Protein chains: 2
Amino acid sequence: VSELRVDPITGRWVIFTPDHTRRSTDFTPPSPLRSDPASCPFCEGHEELTGNELLAWRPGGSERNRPGWHLRVVPNREPVLRVESHLGSDGALLFQRFGGLGAHEVIIESARHEDSWTTMTVEAVSRVLWAWRERMRDLKRDVRLKSFVVLKNHGALAGARLDHPHSQLLAMPFVPPQLAEELEGAERQFKAKAHCVFCEIVQQELQLNQRVIASDDRMLTLAPFASRLPFESWVVPREHAARFEDGPDELLEAAAKCIQDLLRRLDATLLQPPFNVALHSAPASPDVDALFHWHIEILPRLTRVSGLGWGSGVFVNPVPPEEAAQVLRDAL
Amino acid sequence: VSELRVDPITGRWVIFTPDHTRRSTDFTPPSPLRSDPASCPFCEGHEELTGNELLAWRPGGSERNRPGWHLRVVPNREPVLRVESHLGSDGALLFQRFGGLGAHEVIIESARHEDSWTTMTVEAVSRVLWAWRERMRDLKRDVRLKSFVVLKNHGALAGARLDHPHSQLLAMPFVPPQLAEELEGAERQFKAKAHCVFCEIVQQELQLNQRVIASDDRMLTLAPFASRLPFESWVVPREHAARFEDGPDELLEAAAKCIQDLLRRLDATLLQPPFNVALHSAPASPDVDALFHWHIEILPRLTRVSGLGWGSGVFVNPVPPEEAAQVLRDAL
């Protein structure tokens, strides 16, 4: 059972997951990607290797927890947070601890082991975003859960432990640091200008046309002005929208189309790089409706983050976003 | 020449270092640690492979840029920031860019290639801290420089590119994110309680004695309450002190003794893990004298940071600090 702690200086939350089956000093190198379909818990026919499914796309009306699906959502087998936990608190002023309340689910994005977001149909990628949205809508009925982290690790270098296509959804009783940082900045800007800074960025980027990778009526794909990593890219709705889970089907389909297009451009340019995908959507508070704007960040993992990043939080990026955008625009 | 950019949403600074000798799409796997003393630019006798030395410890009074030294400080050969740059600004409201002003230096910590902080004498480790302090004192005469990052990467997995013992010092025209986060938290606490939160932590940790790894009259070595990584450890002065560079020799010697003791405990416990060391010291502003407290963070790199860390900033740590502290206390 995990425990949440709040850093007494910064207020940052950390999740502790003590594992009593091993000694605290046993650290083995990260195991290689498990890639044998015969033993893959996410492959069709291996439904008994996962927990009970929470959601599935079964076009033929097949039975729950049995074959005949295109997508399944199941509990993470080693959840870092659980809905059965209580937030609690031990009451110490400086050293605050809480129970590991939350949820940690896995979206199995395809029945086919060798699929990926670039080889799947755009309908299949849309279905992944649909599953994210449906699970978020269900989980947010629990008022103890404040925010979501939805992310995808593609490739061992990006942190994936299984190569069957999947993503993870975490619901948390706190707002995670990167989202908190964006919210604070967006609030500062809203106080000064009375409009959403993301909307302003969308307008200016379309007008400047230096960092735009692609765009259509609904979505903009851009290389952000102060990108932390080479070829970092964002997919942003052109119209203001604070929360991903409030989005209609058409918007999800447009986002899926943009993400797939971007990943194909990255594949063509950078020889199928490992990458992370992270959804940033507003937390439960209604106060942020006007100032936050959901977006999806795609982070290729081409360089190792050095001690400078670790020790200070300062990123050093060798590729300006204008150059990244031009290369990706010309890629297909 | 590098460029600084400010993220229009979060205000985070990013350093761009475009390299015009390669294509932006050329990314090779990180090169292995360079470990041949015959070609090592930091070994004694190879002084012509570095820039002009900025500081050295030459007990026999030997000539500058020649053999006969125990420690040298030289400019980084690929500096991400330079004092010759101008901060400037292109004036755009949303998209702020600045010149790559700052300094980036390398402290060659020993003339012997195979030395490390655990094998060096405590006097030699003290000399490293002395070099950090002297370079900080010199650089802070440039009022354009607001803060310092001093860090050490030990081992390829911690980001080192040469295994000759060395550390890096960066002077920056902005306050880096991790320091900014600590400053904000410390300021919040100071406003509420009118005392330094680090001083309160030192008192409480000594009293509770659950996360103390070692202590003496001047310094405390502890596993922080909300540690992000397994066996993360901090070395903190027991008396209030905002800035490392104001510290007297005796305090530097006490810190060197604690760091070496801690690293020997980590080596004995975890089979010589790769690690980062980062100095956190107050930025130039006098407003923070009463509320910030310098400390040195030692971060063993035992686990890979997953997409969760990347996509959200949330750390998942399998080892509670109470357990880490106990193991390290019992290690020698």
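Residues numbered from 1 in each chain as written. Chains lettered and ligands numbered in written order. Predicted model: local features only at pLDDT ≥ 70, side-chain atom pairs only at ≥ 80, totals over all residues. Heavy atoms only, no water.

Undergrad: Give me the side chain of Thr221 of chain B: which residues, what numbers.
TA: Residues and elements named next belong to chain B. By the element assignment, Thr221 lies in strand E10 (residues 219–222). For Thr221, a relative accessible area of 1% corresponds to the buried category. The contact partners of Thr221, leaving out residues within four places of it in the chain, are Arg211, Val212, Ile213, Ala214, Trp234, Val235, Cys258 and Leu262. (Helix = DSSP H or I, 4+ residues; strand = E, 2+ residues; numbered from the N terminus. Buried < 20%, exposed > 50% of the residue type's maximum accessible area, 1.4 Å probe, protein only. Contact = heavy atoms within 4.5 Å.)

Undergrad: I'd like a description of the interface of chain A and chain B, backed by residues and values.
TA: Each partner contributes to the interface: chain A provides 90 residues, whereas chain B provides 89 residues. Regarding the contact of chain A and chain B, the summed buried area is about 7600 Å², with carbon and sulfur atoms giving 65% of it. Contact with chain B buries area across many residues of chain A, yet Ile9, Phe225 and Trp310 of chain A alone supply 12% of it, more than any other trio. Where chain A touches chain B, the interface holds 6 salt bridges. Arg97 of chain A is paired through a salt bridge with Glu322 of chain B; the nearest N and O atoms lie 3.9 Å apart. Here chain A is connected to chain B by 17 residue pairs in polar contact (both at pLDDT 80 or more). The greatest single-element share of the side of chain A that touches chain B, amounting to 10 residues, is contributed by helix H2 (residues 177–193) of chain A. Summarising the sheet, strand E14 (residues 315–317) of chain A and strand E2 (residues 13–16) of chain B pair through 3 bridges and their orientation is parallel. When the bridges of E2 of chain B are listed, Val316 of chain A appears paired with Ile15 of chain B. (Buried area = accessible area lost by both parts, 1.4 Å probe. Salt bridge = Lys/Arg side-chain N within 4 Å of Asp/Glu carboxyl O. Polar contact = N/O pair within 3.5 Å; in protein donor to acceptor, adjacent residues only side chain to side chain. Pairing = 2+ DSSP bridges.)

Undergrad: For the relation of the copies chain A and chain B, give the residues involved together with the corresponding values.
TA: In screw terms, the move from chain A to chain B is a rotation of 180° and a rise of 0.0 Å along the axis, fitting with an RMSD of 0.0 Å. Here the transformation between the copies is reduced to the relation of a two-fold axis. Taken together, the interface assignments show that 99% of the residues at the interface of chain A recur at the interface of chain B, consistent with an identical surface on both copies. (Least-squares fit on C-alpha atoms with pLDDT ≥ 70 in both.)

Undergrad: Go over the packing of H2 of chain A against helix H3 (residues 197–208) of chain A with me, naming the residues and quoting the values.
TA: All names here are of chain A. The interhelical angle for the contact between H2 and H3, taken along N-to-C directions, is 80°, at an axis separation of 9 Å. Judged by the angle between their axes, H2 and H3 are roughly perpendicular. Of the residues in H3, those in contact with Glu182, Ala186, Gln189 and Lys193 of H2 are Val197, Phe198 and Glu200. Residue classes in the contact of H2 with H3 are distributed as 3 nonpolar, 1 polar and 3 charged. (Axes fitted to C-alpha atoms, helices over the stretch in contact; angles between N-to-C directions. Parallel < 35°, antiparallel > 145°, perpendicular 65-115°, else oblique. Nonpolar A, V, L, I, M, F, W, Y, C, P; charged D, E, K, R; others polar.)

Undergrad: Tell me about the pattern of salt bridges, and name the residues and values.
TA: Scanning the entire structure with this criterion turns up 54 salt bridges over all chains. Residues Arg228 of chain A and Glu297 of chain A are paired through a salt bridge, measuring 2.8 Å at the closest nitrogen-oxygen approach. Of this pair, Arg228 of chain A sits in the loop between strand E10 (219–222) and strand E11 (233–237) while Glu297 of chain A is found in strand E13 (residues 295–300), placing the two residues 69 residues apart along the sequence. What makes Glu297 of chain A buried here is its relative accessible area of 1%. A cluster of three or more residues bridged by salt bridges with shared partners is formed by Glu3, Arg5 and Arg97 of chain A together with Glu205, Arg211 and Glu322 of chain B.

Undergrad: Could you give an account of the side chain of Glu109 of chain A, with specific residues and numbers?
TA: Residues and elements named next belong to chain A. Looking at where Glu109 falls in the secondary structure, it is placed in the loop between strand E6 (103–108) and helix H1 (122–139). Given a relative accessible area of 2%, Glu109 falls into the buried group. A distance of 2.8 Å separates the side chain of Glu109 from the side chain of Ser167, its partner in a polar contact. Other than its neighbours up to four places away in sequence, Glu109 contacts His70, Leu71, Trp117, Met120, Val128, Lys152, Pro165, His166 and Ser167.

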